[in-house]
Amino acid sequence: MPMNAINLLQVPQTTSETSDTPPAARRLPSTAQTSTPTLVLCELRAASEIGLESHSPFCLKIHRSLRAAGLAYTSRHGSRPSVFSKLNPRAQVPVLLVDGQPIVDSSAILSYIVDARPGTISATAEEWLMEDWADTSLNGFLVASRWADDRNWDRVRQAYFAEAPWFVRTLVAPMLRRKVVSTLVARDVWRGGAEACWTSFERTLDRLDTRVRRHAFFSGPRLSVADLAIFGQLHSLRTELTPWQRDAVLARPGLSRYLDHVNEATAV
Ligand SMILES: N[C@@H](CCC(=O)N[C@@H](CS)C(=O)NCC(=O)O)C(=O)O
């Protein structure tokens, strides 16, 4: 599923990829192996200053999915998504290397994880539809909160570009912001402006708050792909980068309890 916004983050450490084989020529990693494959999550730097494994909701989703499935892995950090473009021509993170072979897109990675550890993460058709909704629709609110919302931009710029040279902070960052906001308009997230976006956000939170009161997890007693994707987006809003959106989530006790519950179930 396409994700148009650029969540460009700054990282102290740069990784250069060395594989010269075009990804299209590689076999998709199979889960039907006898030995345990080596898993490497290619991502950006940890967002430890705001208590997250990553600023990227898609990388957060994969961290939690790997842990929920009990799969051991290591991380490889890059300064920006395009560092991994030899592994992922879409120039996005996350990428999961399975014995050196890349799987790109967090939903494809999650599908690999589900197959690799049957029974640990529920994955019905309805749960995959919700997973897709979280990655596309819910993600729009997270991107808008960080890139479009004037109340948050100074903090976000500081967090993303703090270690960048001054011209990146002062010239490139505002240009990127304009580009990301234009993608949000194209996605219909920001077409009606700030008020329409945040009204729609609150309506969505209200519906979720009602829905998640029914069971321990989104669709029943078991953790599913839907929970991992919803958590990736909404937990990323519960930080000091986006206080208004964090408080909007906090104001919904059912939703907050649900996110805490997914957090505990996947933080192992
Ligand atoms: N559909 C992709 C979206 C991944 C994505 O948008 N990643 C962001 C970081 S949060 C990225 O790499 N952005 C760079 C870009 O889109 O150019 C997935 O599920 O993995």
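The model shown is predicted, which means the values in this text are computed figures rather than measured ones.

Peer 1: Got a minute to help me understand the sheet that holds strand 1 (residues 39-43) in this structure?
Peer 2: Spatially, four strands are ordered 2-1-3-4 in an open sheet, and the strand pairing comes out mixed. Two strands in the sheet have a free side with no partner beyond their single neighbour: strand 2 (74-77) and strand 4 (101-104). Each adjacent strand pair in this sheet contributes to an overall mean axis angle of 30°, direction not counted. As judged from the four bridges shared by strand 1 and strand 3 (residues 95-98), these two strands associate in the antiparallel manner. Counterpart to C42 in the pairing with strand 3 is V95. Packed onto the sheet, helix 2 (residues 106-116) meets strand 3 and strand 4 and runs at close to 115° relative to strand 4.

Peer 1: Help me understand the nonpolar core in this model?
Peer 2: Soluble globular proteins tend to bury their nonpolar side chains together. Grouped together as the largest cluster of nonpolar side chains are 60 residues, with contacts concentrated most on L96, I113, A144 and I230. Tallying contributions element by element places helix 3 (residues 125-148) first for this core, with nine residues. Looking at this core, you find at least three residues from each of domain 1 (23-116) and domain 2 (125-266). Setting aside its immediate chain neighbours within four residues, L96 contacts L39, L41, I62, I103, I109 and Y112.

Peer 1: Please clarify how the packing of helix 1 (residues 57-68) against helix 2 should be interpreted in this entry.
Peer 2: Between two packed helices, both the angle of their axes relative to each other and the distance between the axes serve to describe the pair. Packing of helix 1 against helix 2 leaves a shortest axis separation of 10 Å and a crossing angle of 5°. Between helix 1 and helix 2, the angle falls in the class roughly parallel. Where helix 1 abuts helix 2, its residues F58, K61, I62, S65 and L66 lie against S106, I109, L110 and I113. Here the contact of helix 1 with helix 2 is built from residues that sort into six nonpolar, two polar and one charged.

Peer 1: Got a minute to help me understand helix 3 in this structure?
Peer 2: Think of an α-helix as turning once every 3.6 residues; residues three or four places apart then point the same way. Along its 24 residues, helix 3 runs 33 Å from first to last C-alpha, staying within 8% of the 34 Å computed at 1.5 Å per residue. Helix geometry: helix 3 is bent most strongly at N139, by close to 40°.

Peer 1: Just to check I follow, could you spell out unusual backbone geometry for this structure?
Peer 2: Trans peptide bonds make up the majority, and among non-glycine residues the majority have a negative phi. Cis peptide bonds are those with omega within 30 degrees of zero, and the linkage from V93 to P94 qualifies with 5°. The backbone phi angle of A91 is positive, close to 55°, even though this residue is not glycine. By the element assignment, A91 lies in the loop between strand 2 and strand 3. A91 gets classed as partly exposed once you count the C-beta atoms within 10 Å, which come to 15.

Peer 1: For this particular structure, what's the right way to read the packing of helix 7 (residues 225-235) against helix 9 (residues 253-266)?
Peer 2: Interaxial distance between helix 7 and helix 9 falls to 10 Å at its minimum, and their mutual angle equals 110°. Here helix 7 lies roughly perpendicular to helix 9, going by the angle between them. The element helix 7 and its partner helix 9 pack so that their crossing is left-handed. Contact residues: D227, F231, L234 and H235 in helix 7; L259, V262 and N263 in helix 9. Here the contact of helix 7 with helix 9 is built from residues that sort into four nonpolar, two polar and one charged.

Peer 1: I tried to follow the environment of A144 on my own but got confused; where do I start?
Peer 2: Relative to the elements of secondary structure, A144 occurs in helix 3. By the C-beta count within 10 Å, which is 25 here, A144 ends up buried. When the C-alpha atoms of A144 and V185 are compared, they prove to be 9.8 Å apart, with 41 residues separating the residues in sequence. In this structure, A144 is in contact with D149, L184, V189, W190 and C197, ignoring residues within four places of it in sequence.

Peer 1: How should I be thinking about helix 5 (residues 166-186) in this particular structure?
Peer 2: For helix 5, which comprises 21 residues, the first-to-last C-alpha distance of 30 Å matches the rise-based estimate of 30 Å (1.5 Å per residue) to within 8%. Where helix 5 bends most, the angle comes to about 40°, and this point is V172, followed within four residues by the proline P174. Backbone geometry just after helix 5 places D188 at a positive phi near 70°.

Thresholds applied
Residues numbered from 1 in each chain as written. Predicted model: local features only at pLDDT ≥ 70, side-chain atom pairs only at ≥ 80, totals over all residues. Pairing = 2+ DSSP bridges. Helix = DSSP H or I, 4+ residues; strand = E, 2+ residues; numbered from the N terminus. Axes fitted to C-alpha atoms, helices over the stretch in contact; angles between N-to-C directions. Contact = placed C-beta atoms within 7 Å. Core = buried A, V, L, I, M, F, W, Y, C linked by C-beta atoms within 7 Å. Buried ≥ 20, exposed ≤ 12 C-beta atoms within 10 Å, placed from the backbone. Domains from an automatic or database assignment. Parallel < 35°, antiparallel > 145°, perpendicular 65-115°, else oblique. Nonpolar A, V, L, I, M, F, W, Y, C, P; charged D, E, K, R; others polar. Expected span 1.5 Å × (residues − 1). Bend = angle between axes of the 7 residues up to and from the residue. Left-handed = near helix turned anticlockwise from the far one by under 90°.

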